[in-house]
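Per-entry structural report
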Amino acid sequence: MAFSLLAAADVAGDKQNFEIQFNSHPTIGEVETNVTAAYQGAYPNHSFSISRMQYYDERAQRWSDLVSASCLKDYMQIYVFNRGTVEVQKPIPPPRRPPVYHTSVPRGPGISPGGPAGGESMMLSDDAPLDEKMRVVFEELDANKNRTIEPDEFRRGFRVNNLEFSANTVTDLFGKADVNGDGLISFAEFQRFSEIYPTLLDSLYFRIRDYWEDLRQKQNMNASRESLEACKESERSAQVAYREAQEATVMQEKRLESAESAVAEAAEAEQQAKAQLQEMHRELEATMRDRAQKVQELELAREKERQRVGAHGEAQRETEDAEQALAWQEAEQAKAQDRERQAANALVEAQKETERARKLEADTAVDLQAARDREQQANLALLEEKRQTEVAAERLQQLELELQQKNLYEKELEQNVAEALADVDVEKRNRDESERALQVAREDEREANVRHLDAVKLIEEQEKKIVAIEAERQAAIQRRQQVEAQERPLLEQEVRLREQRDSLEEKESRLREEANAFHSFRGGQRY
């Protein structure tokens, strides 16, 4: 299944956005390799080395570090930071296909700095035609790019490609290639030389190919090692983030426990305040009932007082009547005494009447005393009723004050209940926020753990990749050594055969000249 990524980067102040295609969902290493190859192909004269990558998270609407291939989605926008490049603050341009690229690699000692095709190393084929082999080898040996091979370039090319010929042999080979003897080998002369020494040409070509292949493997291994270091750094960062997320989760759990404890305490305080308020309501109702009872008792006392005042007035009236009766009896007694003195005749009757008057006077005196006693008792009862009325009034006043205080305390309790309810609401909101924060912390912890596990997995993949590349490189080196060991006698044989052939051709030419001279001489004698 095809997979595409939009890879933006900044190279030499130019911001590009290439659409990089893959055959399937890529790994981080494959992303780095393909992106590096695309930008190196587009900018062959500038170095490109990835320091880190970020991807744009559409859901979170932000850029995040790319540490795991699981974050990648088809046609996702990523940004690649080029090591050692100052990022230019420009908008990311629309995506486009990158130009066709070759893998650019650095040159080894003694090899021309430009390389074939102007500094780009093409993948050299095993079945390249002869003309291509000639061109590649010639351009590799032509270090200064003047379209000729100088003696030093020729010797250096043999040396760096591990062709173990003696200095005299190399000099002789250069002389055989330099047909016109100008001390330089042109491309036409090199073509002729290659036709004479095809095995030597093949050896140089394949050694150059193996050099570039080894260099490409070294570059891949270095890139993989850099990627491995970046993965390890990402793993360390992910591990730190995971530990921080765990600590944040523990802290949020503690905060949630504190919030739940605060909610419980606030709810308990609310219940206590409500209980106190209910108790105060009951006390207030009891006080109201006591007040109503005291008011009733006060009314009864005042009624009794009024009754006592009426009884006291009645006793006073009885006393006054008794006093008036006593005064009347005394007047009657005086009249009787006068009549006694005036009417001796009626002495006996007067004495009787006086006796009756005295008796009435005594009865009246008793009644007067009884009336006075009742008046005194009425006065005492009135005073007691007044005292009880005053006591009842004082109790009522105290109850009124107590009722006012309880009303104030009831308002305070109602305020406390309202504050407790508000505190409960605040603590519940804090608890809800703590629960949401805990959920976020747990999600962050899970994501950090996933990133950490992905980073560990990526490290394992990179380490396996490095081991595989190193094993492949070592196998290639061993194959190259075996081939070189097999090539050595063939090259020496080709050089010897060519020398023998040249010697035979020289002898043949000399014999032909002698024969021609002999035939010319014989012909002259005949005529």
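What this report covers is the structure whose coordinates are included nearby. (Residues numbered from 1 in each chain as written. Predicted model: local features only at pLDDT ≥ 70, side-chain atom pairs only at ≥ 80, totals over all residues. Heavy atoms only, no water.)

Turning next to the overall build of the protein chain. For the protein chain, the helix and strand inventory stands at eight helices and five strands. When the helices and strands of the protein chain are read in sequence order from the N terminus, they spell out β-β-α-β-β-β-α-α-α-α-α-α-α. The C-alpha atoms of the protein chain give a radius of gyration of 65 Å, which is well past the 24 Å a tight globule of 527 residues would have. Expressed along its principal axes, the backbone C-alpha trace of the protein chain runs to roughly 255 × 40 × 40 Å. Per-residue burial over the protein chain gives 35% buried out of 527 residues. Considering only intrachain contacts with a sequence separation of at least 6, the fraction spanning at least 24 residues in the protein chain is 73%. Computed over 75 positive and 105 negative side-chain charges, the separation of the two mean positions in the protein chain equals 5 Å. (Helix = DSSP H or I, 4+ residues; strand = E, 2+ residues; numbered from the N terminus. Rg over C-alpha atoms; globule rule 2.2 N^0.38 Å. Buried < 20%, exposed > 50% of the residue type's maximum accessible area, 1.4 Å probe, protein only. Contact = heavy atoms within 4.5 Å. Lys, Arg positive; Asp, Glu negative; His and termini not counted. Charge placed at Lys NZ, Arg CZ, Asp CG, Glu CD.)

Our next topic: the sheet that holds strand β1 (residues 3-11). Spatially, the five strands line up as an open sheet ordered β2-β1-β5-β3-β4, and their pairing is mixed. Strands at the two margins of the open sheet, each flanked by one partner only, are β2 (14-22) and β4 (62-65). Here the average twist between neighbouring strands, direction ignored, is 30°. Bridge count between strand β3 (residues 50-57) and strand β5 (residues 76-82): five bridges; the pairing is antiparallel. (Pairing = 2+ DSSP bridges. Axes fitted to C-alpha atoms, helices over the stretch in contact; angles between N-to-C directions.)

Counting across every chain of the model gives 15 aromatic pairs. Seen from their ring centres, Phe154 and Phe158 are 4.6 Å apart, and the 40° between their planes marks the pair as tilted. Taken together, the residues span about one helical turn, with Phe154 and Phe158 both in helix α4 (residues 151-160) at a distance of four residues. The same class applies to Phe154 and to Phe158, which are both buried. Pairwise contacts between aromatic rings join Phe138, Phe154, Phe158, Phe165, Phe174, Phe187, Phe190, Phe193 and Tyr197 into one cluster. The ring of Phe81 carries the charged tip of Arg52 above its face, separated from the ring centre by 4.1 Å. Positioned above the aromatic ring of Phe187, the side-chain terminus of Arg147 is 5.9 Å from the ring centre. (Phe/Tyr/Trp six-rings, centres within 6.5 Å; stacked < 30°, edge-to-face > 60°. Lys NZ or Arg CZ within 6 Å of the ring centre and 35° of its normal.)

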